[in-house]
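Each chain is listed here by its residues.
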Amino acid sequence: MFIGYVYPLVTASPTYRSALLENLSHVVHPLIPNDQFPPQFQDIAPKKRKSTHDMYAFRVMQLKPGRNGLGGPSDFGTAEGHDDDGETWGSEKIMRVIREMGASDVLVIVSRWYGGHSVGPERLHLFTDGGLAALDKHYVFEALLDCRQQLQSMDAKIQALRQAPVQSHAYEDLTMDRARRLLLARKKTLDALQRPKS
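Summarised in this report is the structure supplied together with it.

Parameters and conventions
- Note that residues are indexed from 1 along each chain, following the sequence as it is written.
- Residues qualify for local features only when their pLDDT is at least 70, as the model is predicted, and side-chain atom pairs are given and counted only at 80 or more; totals for whole chains, interfaces and linings, by contrast, use all residues.
- The side-chain quantities take in all heavy atoms of the structure and omit both hydrogens and water.
- Think of it this way: DSSP has to see at least two bridges between two strands before they count as a pair.
- Here a strand is any run of E in DSSP of at least two residues, a helix any run of H or I of at least four, and the numbering for each starts at the N terminus.
- Here an axis means a line fitted to C-alpha atoms, over the contact stretch when the element is a helix, while the angle between two N-to-C directions is reported on a 0 to 180 degree scale.
- Here a residue-residue contact requires only that any non-hydrogen atoms of the pair lie within 4.5 Å.
- By this rule the span expected of a helix is its residue count minus one, scaled by 1.5 Å.
- To sort the angles, those under 35 degrees are grouped as roughly parallel, those over 145 as roughly antiparallel, those from 65 to 115 as roughly perpendicular, and the leftovers as oblique.
- Left-handed describes a crossing whose near helix is turned anticlockwise from the far helix by less than a right angle; the clockwise case is right-handed.
- Using a grid of 1 Å spacing that covers the protein atoms alone, one calls a set of points a cavity when a 1.4 Å probe fits there but cannot get out, and a pocket when the set is open and has protein on both sides within 12 Å along at least five of seven lines; lining residues are those with an atom within 4 Å of a point.
- Grid points are joined across faces, edges and corners, and a volume is the space filled by probe spheres set on the points.
- Three categories are distinguished: nonpolar for Ala, Val, Leu, Ile, Met, Phe, Trp, Tyr, Cys and Pro, charged for Asp, Glu, Lys and Arg, and polar for the others, with Gly belonging to the last.
- Classification of ring pairs rests on two measures: the distance between centres of Phe, Tyr or Trp rings, Trp counted by its six-membered ring, which must be within 6.5 Å, and the angle between planes, read as stacked under 30 degrees, edge-to-face over 60 and tilted in between.
- Each residue is assigned to one of three classes by its accessible area relative to the maximum for its type, calculated with a 1.4 Å probe on protein chains only: buried under 20%, partly exposed between the two thresholds, exposed over 50%.

**Details of the sheet that holds strand β3 (residues 76–83)**
Either a parallel or an antiparallel arrangement is found when strands of a sheet pair, and the pairing is made through backbone hydrogen bonds.
Okay, step 1: A sheet is described by the order of its strands in space; here four strands give the open sequence β1-β4-β2-β3, paired in antiparallel fashion. In the strand order of this sheet, the two ends are held by β1 (2–8) and β3, each with one partner. Strand-to-strand twist in this sheet, taken as the mean axis angle between neighbours without regard to direction, amounts to 10°.
Okay, step 2: Contacts between helix α3 (residues 90–101) and the sheet are confined to β2 (53–63), β3 and β4 (106–112), with β2 contributing the most and set at about 40° to the helix.

Here you go:
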């Protein structure tokens, strides 16, 4: 069984990466439903159901040593790295996905629970697919977060123009299609409310 994850990354610090991997093992993995695991893992207590391998790759834009960011783009550099965690070539496949997608400021992890059957060379595709699926989901999540913020800002402007009490919407069930429709509707409403009255 292979599952991919993405954590936003703000630094290439090994201590920070280690803390994120600990969070994955002790907080995220125990929440996976039992029936998704290979049979030999299903009777193990969730807190003890550690993955066999957590291979990862990361890429982050950060300040170069001795720079403060005021010197412009040349003050920043890209730090990247990867770790196979005993699964040969796994992290290199994940790193390739990160580079091909042009991703930055991410830690991409593919966790594997060995189910007793060797998958042979197919495992290399599973590393790639796990990393790709996790990054795709991450980008959709980030885009939806941005849409939520835009909608909440537009709602506040509309309510101010209407001189109505502010009502906060969380937009928790938002999809990209619904977000696009709502943003277009809010833009039209704002345009109509801001149009000079004749």
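**Some words on helix α4 (residues 122–161)**
Okay, step 1: For α4, with 40 residues, the first-to-last C-alpha span of 58 Å sits near the 58 Å given by 1.5 Å per residue.
Okay, step 2: Downstream of α4 by a residue or two, Q163 has a phi angle that is positive, lying close to 55°.

**What about the packing of α3 against α4?**
Okay, step 1: Packing of α3 against α4 leaves a shortest axis separation of 8 Å and a crossing angle of 40°. Of the possible angle classes, the one that applies to α3 and α4 is oblique. Here α3 runs over α4; the crossing is right-handed. Across the interface between the two elements, G90, K93, I94, V97, I98 and M101 from α3 touch L124, F127, T128, G131, L132, L135, D136 and Y139 from α4.

**Some words on the layout of surface pockets**
Okay, step 1: For the largest pocket, the calculated volume is near 390 Å³.
Okay, step 2: Lining the largest pocket we find 16 residues, and of these G4, Y5, V6, A134 and K137 sit closest to its centre.
Okay, step 3: Elements represented by at least two residues in the lining of the largest pocket include exactly β1 and α4.
Okay, step 4: Partitioning the lining of the largest pocket into residue classes produces eleven nonpolar, three polar and two charged.
Okay, step 5: Considered as a void within the structure, the second largest pocket measures approximately 190 Å³ in volume.

**A short note on the packing of aromatic side chains**
Okay, step 1: In the structure shown here, the tally under the stated rule is three aromatic pairs.
Okay, step 2: With 5.7 Å between their ring centres and 65° between their planes, F2 and F127 make a pair best called edge-to-face. Residue F2 is located in strand β1, and its partner F127 is located in helix α4; the two are separated by 125 residues in the primary sequence.
Okay, step 3: Given the relative accessible area of 0%, F127 is considered buried.
Okay, step 4: Between F37 and W113, the ring centres sit 5.2 Å apart and the planes meet at 85°, which makes this aromatic pair edge-to-face. Of the two residues, F37 is situated in the loop between α1 (14–28) and α2 (39–42) and W113 in the loop between β4 and α4; the sequence distance between them amounts to 76 residues. The same class applies to F37 as to W113, namely buried.
Okay, step 5: Taken together, the ring pairs connect F37, F41 and W113 into an aromatic cluster.

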